[in-house]
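The lines below spell out each chain.
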Amino acid sequence: MITRILYVILTIFFTTTLNAQLTLENAFPNLSFSGPVFLTHAYDNSNRNFVIEQAGRIKVFPNTQSASATEVFLDITDRVSAGGEKGLLGLAFHPDYETNGYFYVNYTNASNTVISRFQVTSNPDSADKNSELLVLSFSQPYSNHNGGWIGFGPGDGYLYIGTGDGGSGGDPQNYAQRINTLLGKILRIDIDGGTPYAIPSTNPFFDSTNTEVKKEIYAWGLRNPWRCSFDPITEQLWAGDVGQNAWEEIDIIENGKNYGWRCYEGTHTYNTSGCNYPEYIDPVWEYPHGAECSVTGGYVYRGINVPELEGKYIYGDYCSRKVWSLEYDGINPTVNTFLLSAPGSITSFGSDENGEIYITSSNGNIYRFTPTVTGNESDLNPTEYFIEQNYPNPFNPSTVIRYNIAEESYVTIKIFDSLGKEIDTIASSIQQKGIYQKSWNASGFSTGVYYVKIIAESLSSDKTFNDVIKMLYLK
Ligand SMILES: [Ca+2]
Ligand SMILES: [Ca+2]
């Protein structure tokens, strides 16, 4: 009976927790942007955010709610053609950005999509606009459906590029189904393996002897994958693929798969003329048009401030401004939950260095979920130094390490193998009081036991914090 009562109490507790009303707040109330379409970070432990303005600017600022000013990190309005679905659309920092200062952009000029590399200057808040190295360019037959997202695979370090079907309506040239064009695809290139890039040997058409076939193709049958993201834990690639007249869809993108467009819109036939491919991959979720009209793909939440969202895919609709969470594991029925409506049109989601999710809005603001752990003040404002056991553990190949810094400190976090050999550094900088998390990817290392050693030396007192956690990498 006591067990039963406890069960009921716990059920009420968890139900209450899960249904707690989430809200959005202005993440940076002192900042306003002109046409923000993306937010990201540089993976350099500098805790700065970078926001794309569609006209061709990237703004950088400290990742704190009290941020009062931005710097222009890059201004390429002189070569970007913007408006409607055109503009500076995507940004991704090289995995070794701290060392080489390289970052990549995806923009449209008068008639092409351009993927280019730029480099930072000696001022970390300013890039060199004259450092442009063209990586890839292809013609855009219409002004709409230019895709726009680019990102590096957390496991393989390759650059992924979302391209639209070129535009118009109904994909009149059947670009998305044709493998002799870069349109309507997710592309994957190895920008470290050649100049300007090499084709990864695991790309589906790497061995093709047909010179017409585009070997950059990773997956195809996409209509307009405007926003995609990698889950840093599972390394799955999620895409929001914008629909035609009736259905919006969410896909998990895998190597060599055909996602159906223009044969299918979501799971529904659209135009099946010539459609005889053996397997079109269904979306993991779809929703019909109504108030909704255009999906904005989001992120799997891996942050700290809103534990209710842990592991859920957060996405929205540009038109209705609704935001949902999706729970999908490929085994159990998918659960889609309405969370809230955003105050302005949702142009994109973004993520900071700590895994917190943001919404960029055409109203010029950037929103975040109001933290729900403020009831436990010590969680956001730690009074003790602490490092948690990594999660997941055992892991393959990525894991997350969370820690608290009680006073502004010089923080060093290093990884050691089971023989005590230092193999990686995941933090080495001054950090403010707060909660942090870092992910560590063991790809390239052998299976086994590893140690995380943290040293935090306070800048304001003589406190020094030392601790070690043990973790297990199992391939
Ligand atoms: Ca186009
Ligand atoms: Ca599809």
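One numbering rule holds for all chains: residues counted from 1, following each sequence as written. As a convention, the first chain written is A and the first ligand written is 1, with the rest following in written order. Residues qualify for local features only when their pLDDT is at least 70, as the model is predicted, and side-chain atom pairs are given and counted only at 80 or more; totals for whole chains, interfaces and linings, by contrast, use all residues.

A. Representation of the overall build of the chain in the model. Think of it this way: any DSSP run of H or I at least four residues long counts as a helix, any run of E at least two long counts as a strand, and we number them from the N terminus. Counting its secondary structure elements, the chain contains three helices and 33 strands. Seen through its principal axes, the chain has C-alpha atoms that stretch 70 × 65 × 45 Å. Across the 475 residues of the chain, 42% fall into the buried class. Counting only contacts in the chain whose residues sit at least 6 apart along the sequence, the fraction spanning at least 24 positions is 56%. For every residue, the other C-beta atoms within 10 Å of its own C-beta are counted; 20 or more classify it as buried, 12 or fewer as exposed, and values in between as partly exposed. C-beta atoms are placed from the backbone. This entry defines residue contacts through backbone-placed C-beta atoms, with two residues in contact when those atoms are within 7 Å.

B. Quick look at the nonpolar core. Linking buried Ala, Val, Leu, Ile, Met, Phe, Trp, Tyr and Cys residues through C-beta atoms within 7 Å yields a set, and such a set is a nonpolar core. With 92 residues, the main nonpolar core has Leu159, Tyr160 and Ile314 as its most contacted residues. Residues within four places of Tyr160 in sequence aside, it is in contact with Ile150, Gly151, Gly153, Ile186, Leu187, Arg188, Tyr218 and Leu237. Among the nonpolar cores identified, the runner-up in size contains 20 residues, and Ile401, Tyr403, Ala442 and Val452 belong to it.

C. Focus on the sheet that holds strand 11 (residues 159-162). Taking strand neighbours across the sheet as the criterion, the four strands line up as 10-11-12-13 in an open arrangement whose pairing is antiparallel. The outermost strands of the open sheet, each flanked by one partner alone, are strand 10 (150-152) and strand 13 (217-220). This sheet shows a mean twist of 20 degrees between the axes of neighbouring strands, independent of strand direction. At least two bridges found by DSSP between two strands is the condition for calling them paired. Pairing between strand 10 and strand 11: three bridges, direction antiparallel. Paired with Ile150 across the bridge in strand 11 is Ile161. The angle between two axes is taken between their N-to-C directions and runs from 0 to 180 degrees, where each axis is a line fitted to C-alpha atoms and a helix contributes only its stretch in contact.

D. Region of interest: the domain arrangement of the chain. In terms of domain boundaries, the chain breaks down into domain 1 (23-369) and domain 2 (377-473). The start and end points of each domain follow an automatic or database-based domain assignment. Between domain 1 and domain 2, the C-alpha centre-to-centre distance is 30 Å. Across the contact, ten residues belong to domain 1 and 13 residues belong to domain 2. Residues are grouped as follows: Ala, Val, Leu, Ile, Met, Phe, Trp, Tyr, Cys and Pro are nonpolar; Asp, Glu, Lys and Arg are charged; all remaining types, including Gly, are polar. Tallied by class, the residues present in the side of domain 1 that touches domain 2 amount to four nonpolar, four polar and two charged.

E. Representation of the sheet that holds strand 28 (residues 398-405) within the structure. In space, the three strands of this open sheet follow the order 27-28-31, with antiparallel pairing throughout. A single partner strand is all that each edge strand has here, and the edge strands are strand 27 (386-387) and strand 31 (434-441). The pairing of strand 28 with strand 31 spans eight bridges and is classified as antiparallel. Bridged to Val400 within strand 31 is Ser439.

F. Highlighting the environment of His289. Tracing the backbone shows His289 in the loop between strand 19 (285-288) and strand 20 (295-300). The exposure class of His289 is partly exposed, given the 16 C-beta atoms found within 10 Å. Expressed as a C-alpha distance, the spacing of His289 and Leu159, which sit 130 residues apart in the sequence, is 32 Å. Once you skip the residues sitting within four places of it in the chain, His289 turns out to touch Asn245 and Ala246.

G. Just the pairing of strand 20, in detail. The buried fraction of strand 20 amounts to six of the six residues, a majority that puts the element mostly inside the structure. Examined bridge by bridge, strand 20 and strand 21 (residues 313-317) share four bridges and lie antiparallel to one another. Note that in strand 21 the partner of Val300 across the bridge is Tyr313.

H. Local environment of unusual backbone geometry. Look at the link from Asn393 to Pro394: it is a cis peptide, with omega at 0 degrees. Mapped onto the secondary structure, Pro394 falls in the loop between strand 27 and strand 28. The omega torsion across Asn396 and Pro397 is -10 degrees, close enough to zero to call that bond cis. In the Ramachandran plot, Glu235 falls in the positive-phi region, its phi being about 65 degrees despite a non-glycine side chain.

I. Highlighting the environment of Ala427. Residue placement: Ala427 occurs in strand 30 (residues 422-431). Here Ala427 falls in the partly exposed class, since 18 other C-beta atoms lie within 10 Å of it. Put simply, Ala427 and Ser208 are 219 residues apart on the chain and 43 Å apart in space, counted from C-alpha to C-alpha. Apart from the residues within four sequence positions on either side, Ala427 is in contact with Asn45, Val411, Thr412, Ile413 and Lys438.

J. Looking closely at the confidence of the model for the chain. A residue-level look at the chain finds 94% of positions with pLDDT of 70 or above and a mean pLDDT of 92. Considering only residues more than four positions removed or in separate chains, one finds that residues 1-19, a stretch of pLDDT under 50, has two contacts. Confidence drops under a pLDDT of 50 for residues 375-379, and excluding neighbours within four residues, the segment shows three contacts in the predicted structure. The quantity called pLDDT is the predictor's confidence in a given residue, expressed from 0 to 100.

K. Quick look at the environment of Thr399. With respect to the element layout, Thr399 can be found in strand 28. For Thr399, the residues in contact, after removing those within four places along its chain, are Asn390, Tyr391, Pro392, Asn393, Ser439, Trp440 and Met471.

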